[in-house]
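Breakdown of the fold
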Amino acid sequence: MPHYTRQGDDGTTTLFGGGRVPKHHPQPETLGAIDEASSALGLARALAAAPKTNAFVKELQQRLYLIMAELAVTEGKDVPQEFVTTAAATERLEAIAAELEDAVPPPAAFVIPGETPAAGAFDLARTVVRRAERQVSRLRDSGHAVDPAILRYLNRASSVLYDLARYEEHHAGQAAPRATRQGTVDG
């Protein structure tokens, strides 16, 4: 059985709860940005070697799918409770960040990404999550109801990804080259 339906061949997509919108509508654009973030996280997770990284990232990816489901609900319909992003989800990210920050000394200056493949992938995933966060903000500003907890979660997620990149470097025995205040690289 094929994995395609042909329903989107006309440039529209179905929302959760019914209704169709153009694929360039802010809602599917936002869903696509979050999907892209999850895929970037999958690549970073595949490259990661440090303990705990896999579990942390899978947890983050699972929450991103729930956020996509929450944002895919047709405007005016009730969001199923199992999709809702709670304060507890953000608090969990804060706990992960604290654990990672305790394991790795803080950088002394700005970090230049790419010291290891995994760290580079996490830094790239962080920027993709930031873009998804901006897209969620645009969706909210277009008049779509967006739970503020989603924006808080995405904001915290990008911080955790920064920490995961440093954690991967530390685990590999590498420290990212640091950009000094004068703009030169100190490696």
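Since this is a predicted model, take the numbers as computed values, not measurements.

Thresholds applied
- Residues numbered from 1 in each chain as written.
- Predicted model: local features only at pLDDT ≥ 70, side-chain atom pairs only at ≥ 80, totals over all residues.
- Heavy atoms only, no water.
- Helix = DSSP H or I, 4+ residues; strand = E, 2+ residues; numbered from the N terminus.
- Buried < 20%, exposed > 50% of the residue type's maximum accessible area, 1.4 Å probe, protein only.
- Contact = heavy atoms within 4.5 Å.
- Lys, Arg positive; Asp, Glu negative; His and termini not counted.
- Charge placed at Lys NZ, Arg CZ, Asp CG, Glu CD.
- Salt bridge = Lys/Arg side-chain N within 4 Å of Asp/Glu carboxyl O.
- pLDDT = per-residue confidence, 0-100.
- Polar contact = N/O pair within 3.5 Å; in protein donor to acceptor, adjacent residues only side chain to side chain.
- Core = buried A, V, L, I, M, F, W, Y, C linked by side-chain atoms within 4.5 Å.
- Axes fitted to C-alpha atoms, helices over the stretch in contact; angles between N-to-C directions.
- Parallel < 35°, antiparallel > 145°, perpendicular 65-115°, else oblique.
- Left-handed = near helix turned anticlockwise from the far one by under 90°.
- Nonpolar A, V, L, I, M, F, W, Y, C, P; charged D, E, K, R; others polar.
- Phe/Tyr/Trp six-rings, centres within 6.5 Å; stacked < 30°, edge-to-face > 60°.
- Lys NZ or Arg CZ within 6 Å of the ring centre and 35° of its normal.

**Section: the overall build of the protein**
Within the protein, the regular secondary structure consists of five helices and five strands. Put simply, the protein runs from its N terminus to its C terminus through helices and strands in the order β-β-α-α-α-β-α-α-β-β. Its C-alpha atoms put the protein at 55 × 35 × 35 Å along the principal axes. Counting only residues that meet the buried cut, the protein has 42% of its 187 residues in that class. Long-range contacts, defined as pairs at least 24 residues apart, comprise 72% of the intrachain contacts of the protein with a sequence gap of at least 6. Within the protein, one finds 20 positive and 24 negative side-chain charges whose respective centroids are separated by 2 Å.

**Quick look at the pattern of salt bridges**
The full count for this structure, using the stated rule, is nine salt bridges. Two residues, Arg166 and Asp123, come together in a salt bridge whose shortest N-O distance is 2.7 Å. With Arg166 in helix α5 (residues 148-171) and Asp123 in helix α4 (residues 117-141), the pair connects residues that are 43 residues apart, well separated along the chain. Note that Glu169 and Arg166 form a salt bridge whose closest N and O atoms lie 2.9 Å from each other. With a gap of three residues between them, Glu169 and Arg166 both fall in helix α5, about one helical turn apart. Each member of the pair, Glu169 as well as Arg166, is classed as buried.

**Some details on the confidence of the model for the protein**
Chain-level pLDDT for the protein is 89 on average; 93% of the residues reach the 70-or-more range. Within the protein, the element-level pLDDT minimum falls on strand β5 (residues 185-186), averaging 45, and the maximum on α4, averaging 97.

**Digging into the environment of Thr53**
Considering the arrangement of structural elements, one finds Thr53 in helix α2 (residues 53-71). The exposure class assigned to Thr53 is buried, which follows from its relative accessible area of 0%. Sequence separation between Thr53 and Ala118 is 65 residues; the distance between their C-alpha atoms is 10 Å. At 3.4 Å, the side chain of Thr53 and the backbone oxygen of Ala50 are in polar contact. Within the structure, Thr53 has its side chain in polar contact with the side chain of Glu168 (distance 2.8 Å).

**Some remarks on the nonpolar core**
Among the nonpolar cores identified, the biggest contains 42 residues, and Leu71 and Leu164 are the most heavily contacted of them. Elements that contribute at least two residues to this core include exactly α1 (26-47), α2, α3 (87-103), α4 and α5. With ten residues, the single largest contributor to this core is α5. In this structure Leu164 touches Thr53, Phe56, Val57, Leu100 and Phe122, once residues within four positions along its chain are discounted.

**Some details on the side chain of Gln27**
When you line up the elements, Gln27 lands in helix α1. Overall, Gln27 belongs to the buried group, its relative accessible area being 3%. Within the structure, the side chain of Gln27 is placed 2.7 Å from the backbone oxygen of Leu71, a separation counted as a polar contact. Among all residues touching Gln27, those that are not within four sequence positions of it are Leu15, Leu71, Ala72, Val73, Leu139 and His144.

**Focus on the packing of α1 against α4**
Close contact between α1 and α4 brings their axes to 8 Å; oriented N to C, the two are set at 165°. One way to sum up the angle between α1 and α4 is to call them roughly antiparallel. As α1 runs across α4, the sense of the crossing is left-handed. Taken together, the residues of the contact of α1 with α4 sort by class into 18 nonpolar, three polar and four charged.

**Examining the packing of aromatic side chains**
Enumeration over the complete set of coordinates arrives at zero aromatic pairs. Note that Arg166 overlies the ring of Tyr162, its terminal NZ or CZ placed 4.7 Å from the centroid.

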